[in-house]
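Each chain is listed here by its residues.
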Amino acid sequence: MSLYHETAAIVTGPSTHGGSLKSKIYGNKDLKSPPAQVYALAFEASKWSGVLKEVVENAQLLQSERKLTPALSILLVHDLLLAKKGIALPASHGLRAAVERHKARLQSEFTRARIRRKCPTLEALKAMVDAQLGPVHPRWIRVNALKSTIDEQLDTTFKGFEMVPSVEEVIASASTGKRVICLDGHVPNLIAASPGIDFTKTEAYKEGKIILQDKASCFPAYLLDPRPEDGDIIDACSAPGNKTTHLAGILYERGGFADGQRILAFEKDEQRAKTLANMLKAAGSDAVTVVHAGRDFLKTDPHAPEFRRVGALLLDPSCSGSGIVGRDDAPEFHLPSAPPTPTAGSSKTSSSSGGGGGGGAQPPNRKRKRHEATTATAADTNATTNEEETATTSDSPSSPPNPALETRLASLAAFQLSIVLHALSFPAARKVTYSTCSVHAAENEQVVRAALASPVARSRGWRLLRRAEQVRGLRDWPVRGDRRACRTEAEEIAEACVRAEKGDGKGVMGFFVVCFVRDRVGGDGAVGEGGGTDWDEDGDGPYVRDAQGRIVRDENGIPTLKSTGRKVIEWDSMADEEESESVELRFGEDDDDEDGPFERDAEGRIVRGVDGMPRLKRARVSRDGDEEQEEEEDNEWGGFDD
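Note that the structure is predicted; figures quoted are calculated from it, not measured.

Caption draft 1: Main features of the UniProt feature "binding site: S-adenosyl-L-methionine" (unreviewed entry) in the protein chain. In this structure's numbering, the residues bearing the UniProt feature "binding site: S-adenosyl-L-methionine" (unreviewed entry) are Cys 237, Ser 238, Ala 239, Pro 240, Gly 241, Asn 242, Lys 243, Glu 267 and Asp 316. In summary, the annotated positions, though distributed over 80 residues, converge in three dimensions, the widest C-alpha pair being only 13.2 Å. Mapped onto the elements, Lys 243 comes out in helix H13 (residues 242–253). By relative accessible area, which is 13% here, Lys 243 ends up buried. Apart from the residues lying within four places of it in its own chain, the contact partners of Lys 243 are Gln 213, Ser 217, Pro 220, Ala 221, Asp 235, Leu 314, Asp 316 and Phe 511. Topologically, Glu 267 is positioned in strand S7 (residues 263–267). A distance of 3.2 Å separates a polar side-chain atom of Glu 267 from the backbone nitrogen of Ala 239.

Caption draft 2: Region of interest: the packing of aromatic side chains. What the rule picks out here adds up to 11 aromatic pairs. On the basis of an interplanar angle of 70° and a centroid distance of 5.3 Å, the ring pair of Phe 219 and Trp 477 is categorised as edge-to-face. Within this pair, whereas Phe 219 is found in helix H12 (residues 219–224), its partner Trp 477 is found in the loop between helix H21 (472–475) and helix H22 (483–486), the two being separated by 258 residues in sequence. Like Trp 477, Phe 219 is buried.

Caption draft 3: Focus on the pairing of strand S9 (residues 310–315). The buried count for S9 comes to six of six residues, which makes it a mostly enclosed element. Where strand S6 (residues 232–235) meets S9, four bridges bridge the pair, whose relative direction is parallel. Within S9, the residue paired with Ile 233 across the bridge is Ala 312. With four bridges joining them, S9 and strand S10 (residues 431–436) adopt parallel strand pairing. Within S10, the position partnered with Leu 314 by the bridge is Thr 433.

Caption draft 4: Region of interest: the pairing of strand S13 (residues 511–517). Burial within S13 is extensive, with seven of its seven residues counted as buried. Neither face of S13 is left uncovered, since the one carrying Phe 511, Val 513, Cys 515 and Val 517 and the one carrying Phe 512, Val 514 and Phe 516 both have all their residues buried. Sheet topology note: the S10/S13 ladder contains six bridges and is antiparallel. If you follow Val 432 over to S13, its bridge partner there is Phe 516. Inspection of the sheet shows strand S11 (residues 463–464) paired to S13 by two bridges, in the antiparallel sense. Bridge pairing in S13 links Arg 463 to Val 517.

Caption draft 5: Quick peek at the packing of helix H3 (residues 35–58) against helix H5 (residues 70–82). Look at H3 against H5: their axes get within 8 Å of each other, and the N-to-C directions meet at 95°. Taken together, the axes of H3 and H5 are roughly perpendicular relative to one another. For the pair H3 and H5, the contacting residues are Leu 41, Glu 44, Ala 45, Trp 48, Ser 49, Leu 52, Lys 53, Val 55 and Val 56 in the first and Ser 73, Ile 74, Leu 75, Val 77, His 78, Asp 79, Leu 81 and Leu 82 in the second. By residue class, the composition of the contact of H3 with H5 is 11 nonpolar, three polar and three charged.

Criteria and cut-off values
Residues numbered from 1 in each chain as written. Predicted model: local features only at pLDDT ≥ 70, side-chain atom pairs only at ≥ 80, totals over all residues. Heavy atoms only, no water. UniProt positions renumbered as here; feature names shortened; annotations may be inferred. Helix = DSSP H or I, 4+ residues; strand = E, 2+ residues; numbered from the N terminus. Buried < 20%, exposed > 50% of the residue type's maximum accessible area, 1.4 Å probe, protein only. Contact = heavy atoms within 4.5 Å. Polar contact = N/O pair within 3.5 Å; in protein donor to acceptor, adjacent residues only side chain to side chain. Phe/Tyr/Trp six-rings, centres within 6.5 Å; stacked < 30°, edge-to-face > 60°. Pairing = 2+ DSSP bridges. Axes fitted to C-alpha atoms, helices over the stretch in contact; angles between N-to-C directions. Parallel < 35°, antiparallel > 145°, perpendicular 65-115°, else oblique. Nonpolar A, V, L, I, M, F, W, Y, C, P; charged D, E, K, R; others polar.

What follows is the structure in structure tokens.
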């Protein structure tokens, strides 16, 4: 089977090897032709098929060459008119001969098609066809803070690039050929560069100093805002590792990892886990990241000792991928109308309707036919055949129902909700981000609403991080959640949600992210009395912090309140109060060890709970000579929330 027959089968047949054009071709092990050639021909012919459909129909190629199918005619005419080497078949091959004997007429119709589109040259027509593929996106590059800085990369990798003030100017450079960059105004360490530049060949990329990552994909780690006092951090669905390494970079700039703090990266697919491990090593975050290869996050026990210090989780589970730019990577393949099969009746009718002698077919009304072809082409050009793109509007009440898509989204949403609820169950967790690269409310706002209404969220006091509380860059990001999908409390929920929309001129893919938080978590994982954040006007909590953002503690681990400037617990004043009330505090059976009020391990170090705060020794209390009673409750200090 020739290259053209195999390609025709790919572009017209049902998919048995995945949904996208690449997966159809590279997943097909039965191909005899090189997959790269099949893909190139299928993509380019699909791109030009709207124009070539007109050419084939107006030249009446299918009426003259009955051995040609509509798909073969488009593929062969494409190579005849547009490929540098012409049709990739021997000169004597029947298919090549069937097309080349009509070369003059096909070229003439191709010229007419160009003129109808008001394109003075072939290059102008090519630019118009390329523009129909969709919006151009910049090349997003995140500078890896673990290995480099913006200044270093500006002096090396981006030396010679022109700095422009907006992403719009970066996008516009695609048509001018200029090499420009723009420092992103929302996500730190992010650069937008001119489209079409291959940065994988640069030394910075090979050394892990820069990471190619879409801007919207940077939102989850940035919104989670990991800090040294957050304890261990889980990335529940890690591979390939962009977000995992971003977490490490943010923590590094926050003053570094706290003693013993780790990122726990889960990836249940063994092969993808290898990709993850390679990326962590290249980015320099492997030393602080524990990879749980082949381990399903949903099957973990949140109360297991290994997770007692987990204070923040990043969730980016499988989704429909409807927001990914280029997910359906080929335009529609437009087919010319096949000629009617001749019958005795149709031939007779044709002869009698000619109105003149000869018995031959009446020549078609070419003016009328061209008009119809142009109208059809315009309609075809505007038609949307991308399944995911069609589904984008399926959440709208006015959209026609799509049962297959709705079933798929319902299944995905159930899985996504289960991951969110599992994450909300970790006892010491205070922050959880949930994100998808989907445009569907079913996977986004509706999952959020269901999670907030769940028993685990209500009992543990989870809520959404309000827009006013978010990091500056995402607080300023203008695209928020879908209010229609939020229904009750639409304004509050929608404002807390962050969306990115592909094709809106901001140069990003479709994306969604939101952050769940608990205000004041006690030692048992419950929300402390009062909730709220009245004491947290600057977003950093109630305690004094140093220049690196770390809570300042004394030798006993006690923090200082911002509001009063005093320690949360003043031992001297406590002792005075205890004496006045005839209360005696004794730690342990007796307190002759003189090592303070807190439990210590075998090496003399203070033992801390899941929240990082020290534990009080067991106490016996005696009041006014009454018999001593061992306290059965509150033996362990719940600690202070960071």
